[in-house]
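Architecture at a glance
The residues making up each chain are set out below.
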Amino acid sequence: MSAAPFNPEDIPKEVKDGLVASILGGLAMTARLLLSTEPVSLGWVVRRVFAAAITAALVGYAIQEHIQSPGLRMGVVGAAGYAAPECLDYLLKYVKARGEKEVAAVAGKPSKPHGKGKAKKPAAKRGK
């Protein structure tokens, strides 16, 4: 008994759109890396291409209802893949700054010295 043939029409439209967006983003990053003159390692290239693919897929899902023209949508997805390192660097800096701000707000609050909610006044020094 053999397996049923694979039918591409059975794949949901959302999955197809995500795959196309990921491929476009990865190809845009590949083009960017091919045009670069900087020496880089294979691991660095793989990380950048995967980051571009993921970013492009997320952008593709986000703009699906906002941009109706397929050509313009694919252009935006490709541009997002091309700009993925800058987008992700900005996002990471934003999240880190926001986290540090929240930690500083929590750590900076003075605790109540006793249950009454008022801090004790320091005792006045007595003169000799």
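Please refer to the structure higher up on the page.
Residues numbered from 1 in each chain as written. Predicted model: local features only at pLDDT ≥ 70, side-chain atom pairs only at ≥ 80, totals over all residues. Heavy atoms only, no water.

1. Considering the overall build of the protein
Within the protein, the secondary structure is distributed over four helices and zero strands. The N-to-C order of helical and strand elements in the protein reads α-α-α-α. Looking at the protein as a whole, 19% of its 128 residues qualify as buried. Considering only intrachain contacts with a sequence separation of at least 6, the fraction spanning at least 24 residues in the protein is 62%. Surface summary for the protein: the accessible area is close to 10500 Å², and the carbon and sulfur share equals 66%. (Helix = DSSP H or I, 4+ residues; strand = E, 2+ residues; numbered from the N terminus. Buried < 20%, exposed > 50% of the residue type's maximum accessible area, 1.4 Å probe, protein only. Contact = heavy atoms within 4.5 Å. Areas by Shrake-Rupley, 256 points an atom, 1.4 Å probe, with all protein chains shown as cover.)

2. Notes on the nonpolar core
One finds Ala21, Ala56, Ile63, Ile67 and Val77 forming the largest nonpolar core, which totals five residues. For Ile67, the contacting residues outside a window of four places in its chain are Leu72, Arg73 and Val76. (Core = buried A, V, L, I, M, F, W, Y, C linked by side-chain atoms within 4.5 Å.)

3. Overview of the pattern of salt bridges
Per the counting criterion, the structure on display carries three salt bridges. With a shortest N-O distance of 2.8 Å, Lys13 and Asp17 are connected by a salt bridge. Of this pair, Lys13 and Asp17 both sit in helix α1 (residues 13–35), separated by four residues, roughly a single helical turn. Owing to a relative accessible area of 52%, Lys13 belongs among the exposed residues under this scheme. (Salt bridge = Lys/Arg side-chain N within 4 Å of Asp/Glu carboxyl O.)

4. Digging into the packing of aromatic side chains
One pass over the full model with this rule turns up one aromatic pair. Seen from their ring centres, Tyr90 and Tyr94 are 6.5 Å apart, and the 20 degrees between their planes marks the pair as stacked. Linking Tyr90 with Tyr94, this pair stays in helix α4 (residues 84–108), spanning four residues, or about one helical turn. Classification of Tyr90 as exposed rests on a relative accessible area of 59%. If you follow Arg32 out to its NZ or CZ, it ends over the ring of Tyr82, 5.2 Å from the centre. (Phe/Tyr/Trp six-rings, centres within 6.5 Å; stacked < 30°, edge-to-face > 60°. Lys NZ or Arg CZ within 6 Å of the ring centre and 35° of its normal.)

5. Focus: α1
Helix length check: α1 (23 residues) gives 33 Å between terminal C-alpha atoms against 33 Å at 1.5 Å per residue, within 8%. Considered for burial, the residues of α1 that qualify are Gly18, Ala21, Gly25, Gly26, Ala28, Met29 and Leu33. At its buried positions, α1 is contacted by α2 (42–63), α3 (70–82) and α4. (Expected span 1.5 Å × (residues − 1).)

6. Observations regarding the side chain of Gln64
With respect to the element layout, Gln64 can be found in the loop between α2 and α3. Overall, the relative accessible area of 19% leaves Gln64 in the buried class. Looking at Gln64, its side chain comes within polar contact range of the side chain of Asp17, at 2.6 Å. Setting aside residues up to four positions removed in sequence, Gln64 forms contacts with Lys13, Asp17 and Arg73. (Polar contact = N/O pair within 3.5 Å; in protein donor to acceptor, adjacent residues only side chain to side chain.)

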